[in-house]
Amino acid sequence: MTVQKINEAVAYIKKQYSISPEAGIVLGSGLGSFTAEIKIEKELPYSEIPHFPVSTVEGHSGKLIFGELSGKKVVAMAGRFHYYEGYTPEEVVFPIRVMKYLGIKTLLISNAAGGMNINFKVGDLMIINDHVSLFAPNPLIGKNIAEFGPRFPDMSEPYKKDLIHKARIIAAAENIDVREGIYCGVTGPTFETRAEYKLLNIIGGDAVGMSTVQEVIAAVHMGLPVFAMSVITDIGIRPEDNIITHEEVLQAAKDAEPKLTYIFKELIAQL
Ligand code: HPA
């Protein structure tokens, strides 16, 4: 049963590192060097933690990092689990539940995403203010675990407005340009066809990616406030846009990373 697995994972982690982190951070593709900012106190490879899935994608190293950032205790996931890797939705959100049970009060998520908004360019940062979940099964399907949250969770504010507000002020004060928009969560692993980018744009999407949505649903279910940001690593909407490779996605994410890091750090300082 999931609760028991989570308790076992948490018990193992607590034995290695007993301090409760205040914030949890999930790092997206190409965004892992953020962890260099953390004054590391303990690293735990996923493979050591009971019931933890193990990450397989290039650009993800696969460990929990505990330490201090901006004067706060944090836990960061270096490497996350994607539905397209073959993990069940429950496995995808397992670490989110573990971090909640470790005591985090806020979850910060980053990801690499394709842009559909015609005004976006590669390297832009986008604060996610809402999402559309497409195709990937909801991680809450199945018997509801009341200990986590209600059967029918409210999703009217999955991304906390006050955190978005704070992030906008932080970015403006540092002259960092940030976009804001709707993230469409798809399964991948194919990048979208031209027709799909167009469709996602028509239904109101500004960016599209293969992560985040299931994690956010699990977090909201447990009443955990979320802030999430995309790095726009490619633009798919115009016929002349280049074809996309994973290498280009990683490079674009890496280039934009310092700006994202700054915003996350300042936001954590203000938690
Ligand atoms: N589509 C889906 N996921 C992505 C993309 C994209 O264009 N870029 C980075 N992750």
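Given the structure is predicted, the values throughout are model-derived calculations rather than measurements.

## So, the pattern of salt bridges
- With the rule as written, the count across this model stands at 8 salt bridges.
- With a shortest N-O distance of 2.9 Å, E37 and K265 are connected by a salt bridge. A residue pair is termed long-range when its members are at least 10 positions apart, and E37 in the loop between β1 (23-26) and β2 (39-45) and K265 in helix α6 (residues 246-269) qualify at 228 residues.
- The partly exposed category is assigned to K265, whose relative accessible area is 26%.
- Residues R179 and D124 are paired through a salt bridge, measuring 2.9 Å at the closest nitrogen-oxygen approach. Residue R179 is found in strand β7 (residues 178-185), and its partner D124 is found in the loop between β5 (106-115) and β6 (125-133); the two are separated by 55 residues along the sequence.
- Among the residues examined, D124 registers a relative accessible area of 7% and is labelled buried.
- The network of salt bridges with common partners includes E41, E68 and K73.

## Details of the confidence of the model for the protein chain
- In the predicted model, the protein chain carries a mean pLDDT of 91, and the fraction of residues at 70 or more is 95%.
- The secondary-structure element of the protein chain with the lowest mean pLDDT is α6, recorded at 87, while helix α5 (residues 213-221) shows the highest, at 98.

## Details of the layout of surface pockets
- In this structure, the largest pocket spans a volume of roughly 310 Å³.
- Around the largest pocket, the lining is made up of 21 residues, and of these S29, F191, M210, H246 and V249 lie nearest the centre.
- Of all the secondary-structure elements, those providing two or more residues to the lining of the largest pocket are β5, β8 (207-209), β9 (226-235) and α6.
- The element best represented in the lining of the largest pocket is β5, accounting for 4 residues.
- Here the residues of the lining of the largest pocket are counted per class, giving 9 nonpolar, 9 polar and 3 charged.

## So, the packing of aromatic side chains
- For the coordinates displayed, the defined rule picks out 9 aromatic pairs.
- For the pair Y17 and F66, a centre-to-centre distance of 4.9 Å together with 35 degrees between the ring planes defines the contact as tilted. Residue Y17 is located in the loop between α1 (2-16) and β1, and its partner F66 is located in strand β3 (residues 63-69); the two are separated by 49 residues in the primary sequence.
- A residue is classified by how much of its surface remains accessible, and F66, at 0% relative accessible area, is buried.
- Residues Y101 and F148 carry aromatic rings whose centres are separated by 5.9 Å and whose planes lie at 90 degrees to one another, so their mutual orientation is edge-to-face. Linking Y101 in helix α2 (residues 89-102) with F148 in the loop between β6 and α3 (161-173), this pair joins segments that are 47 residues apart in sequence.
- Using a relative accessible area of 24% as the deciding quantity, one classes Y101 as partly exposed.
- The buried category is assigned to F148, whose relative accessible area is 5%.

## Details of the nonpolar core
- Of all hydrophobic cores here, the largest spans 81 residues; its most connected members are L107 and F227.
- Every residue in contact with L107, bar those within four places of it in the chain, is listed here: G24, V26, I96, M99, A219, L224, P225, V226 and F227.
- Counting residues in each nonpolar core, the second largest holds 11 residues, with A112, L200, I244 and V249 among its members.

## Focus on the side chain of R80
- With respect to the helices and strands, the residue R80 is situated in the loop between β4 (72-78) and α2.
- Looking at R80, the relative accessible area reads 1%, which means it is buried.
- A polar atom in the side chain of R80 sits 3.2 Å from the backbone oxygen of S110.
- Of note is the side chain of R80, whose polar atom sits 3.1 Å from the side chain of S211.

## Comments concerning α5
- The element α5 is largely enclosed, with a buried count of 9 among its 9 residues.
- By the burial criterion, the buried members of α5 are V213, Q214, E215, V216, I217, A218, A219, V220 and H221.
- The inward-facing, buried residues of α5 contact β1, α2, β5, β6, β7 and β9.
- Directly after α5, the chain includes G223, whose backbone phi takes a positive value near 75 degrees.

About the cut-offs
Residues numbered from 1 in each chain as written. Predicted model: local features only at pLDDT ≥ 70, side-chain atom pairs only at ≥ 80, totals over all residues. Heavy atoms only, no water. Salt bridge = Lys/Arg side-chain N within 4 Å of Asp/Glu carboxyl O. Helix = DSSP H or I, 4+ residues; strand = E, 2+ residues; numbered from the N terminus. Buried < 20%, exposed > 50% of the residue type's maximum accessible area, 1.4 Å probe, protein only. pLDDT = per-residue confidence, 0-100. 1 Å grid on protein atoms, 1.4 Å probe; cavity = no way out; pocket = protein on both sides within 12 Å on 5 of 7 lines; lining within 4 Å. Points joined across faces, edges and corners; volume = space filled by probe spheres on them. Nonpolar A, V, L, I, M, F, W, Y, C, P; charged D, E, K, R; others polar. Phe/Tyr/Trp six-rings, centres within 6.5 Å; stacked < 30°, edge-to-face > 60°. Core = buried A, V, L, I, M, F, W, Y, C linked by side-chain atoms within 4.5 Å. Contact = heavy atoms within 4.5 Å. Polar contact = N/O pair within 3.5 Å; in protein donor to acceptor, adjacent residues only side chain to side chain.

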